[in-house]
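One-letter residues, chain by chain:
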Amino acid sequence: QVQLVESGGGWVQAGGSLRLSCTVSGINFSIRTMNWYRQAPGKQRELVASISSRNSTNYADSVNGRFTISRDNARNAVYLQMNSLKPEDTAVYYCKTRNLATGGDYWGQGTQVTVSS
């Protein structure tokens, strides 16, 4: 059974930092591209950051320079370090990877991040 479990969300004041974690089980983690998405109330889910199996990273323009995605293949974990947080970063954050057999997606349950001004 494939599981993605996010943690590390919470409440923080603007300018603060949080570190999100996503632990993965049931699949070969090291070969997969991992993604962080977020969804704010009333908005579509959007891609925040990605990291490939070779540690190549990509970021949304809105978080570039403030967020850092990383991975630890020994722990089957992907992280999102979020610095200089803004109220507009408030959202539920999800990690996601692809089901290589079907082309579908595996999602975690999400973790809430709230940034107050």
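Everything that follows concerns the structure shown earlier in this document.
The following refers to the structure shown. Note that this is a predicted model, so its numbers are computed, not measured.

Conventions adopted
Residues numbered from 1 in each chain as written. Predicted model: local features only at pLDDT ≥ 70, side-chain atom pairs only at ≥ 80, totals over all residues. Heavy atoms only, no water. Disulfide = S-S within 2.5 Å. Helix = DSSP H or I, 4+ residues; strand = E, 2+ residues; numbered from the N terminus. Buried < 20%, exposed > 50% of the residue type's maximum accessible area, 1.4 Å probe, protein only. Pairing = 2+ DSSP bridges. Polar contact = N/O pair within 3.5 Å; in protein donor to acceptor, adjacent residues only side chain to side chain. Contact = heavy atoms within 4.5 Å. Axes fitted to C-alpha atoms, helices over the stretch in contact; angles between N-to-C directions.

A separate point is the state of the cysteines. Enumeration according to the criterion identifies one disulfide in this entry. The partner cysteine of Cys-22 in its disulfide is Cys-95, sulfur to sulfur 1.9 Å. Torsion about the S-S bond of the Cys-22 and Cys-95 cystine: about 50°, corresponding to right-handed handedness. Remark: Cys-95 occurs in strand β9 (residues 91-98) and Cys-22 occurs in strand β3 (residues 18-25); sequence separation between them is 73 residues. Of the residues examined, Cys-95 reaches a relative accessible area of 0% and is grouped as buried.

Turning our attention to the pairing of strand β5 (residues 46-51). One face of the sheet, then the other: side chains in a regular strand alternate in exactly this way. Looking at chain direction, strand β4 (residues 34-39) and β5 are connected through five bridges and run antiparallel. Note that in β5 the partner of Tyr-37 across the bridge is Leu-47. As consecutive antiparallel partners, β4 and β5 are separated by six residues, and within that stretch Gly-42 has a phi angle of approximately 75°, a positive value. Hairpin geometry of β5 and strand β6 (residues 57-59) is characterised by an intervening segment of five residues between the two adjacent antiparallel strands and by a positive phi of about 70° at Asn-55.

What follows concerns the side chain of Asp-72. Residue placement: Asp-72 occurs in strand β7 (residues 67-72). Only 3.0 Å separates the side chain of Asp-72 from the backbone nitrogen of Ala-74, close enough to count as a polar contact. If we ignore the near neighbours within four places in the chain, the residues touching Asp-72 are Phe-29, Ala-77 and Tyr-79.

What follows is about the side chain of Arg-38. Within the secondary structure, Arg-38 is located in strand β4. Using a relative accessible area of 6% as the deciding quantity, one classes Arg-38 as buried. A polar contact is formed between the side chain of Arg-38 and the side chain of Glu-46, at a distance of 2.6 Å. A distance of 2.9 Å separates a polar atom in the side chain of Arg-38 from a polar atom in the side chain of Tyr-93. The contacts of Arg-38, once residues within four sequence positions are left out, are Gln-44, Arg-45, Glu-46, Val-48, Ser-62, Val-63, Phe-67, Glu-88, Asp-89, Ala-91, Val-92 and Tyr-93.

The sheet built from four strands is open, its strands ordered β1-β3-β8-β7 with antiparallel pairing. Of all strands in the sheet, those bounded by a partner on one side alone are β1 (3-7) and β7. Averaged over all adjacent pairs, the angle separating strand axes in this sheet is 15°, with direction ignored.

Another aspect to go through is the environment of Gln-13. For Gln-13, the location among the structural elements is in strand β2 (residues 10-13). For the pair Gln-13 and Lys-86, spaced 73 residues apart in the sequence, the C-alpha separation amounts to 8.1 Å. Not counting residues within four places of it along the chain, the set of residues in contact with Gln-13 comprises Val-115 and Ser-116.

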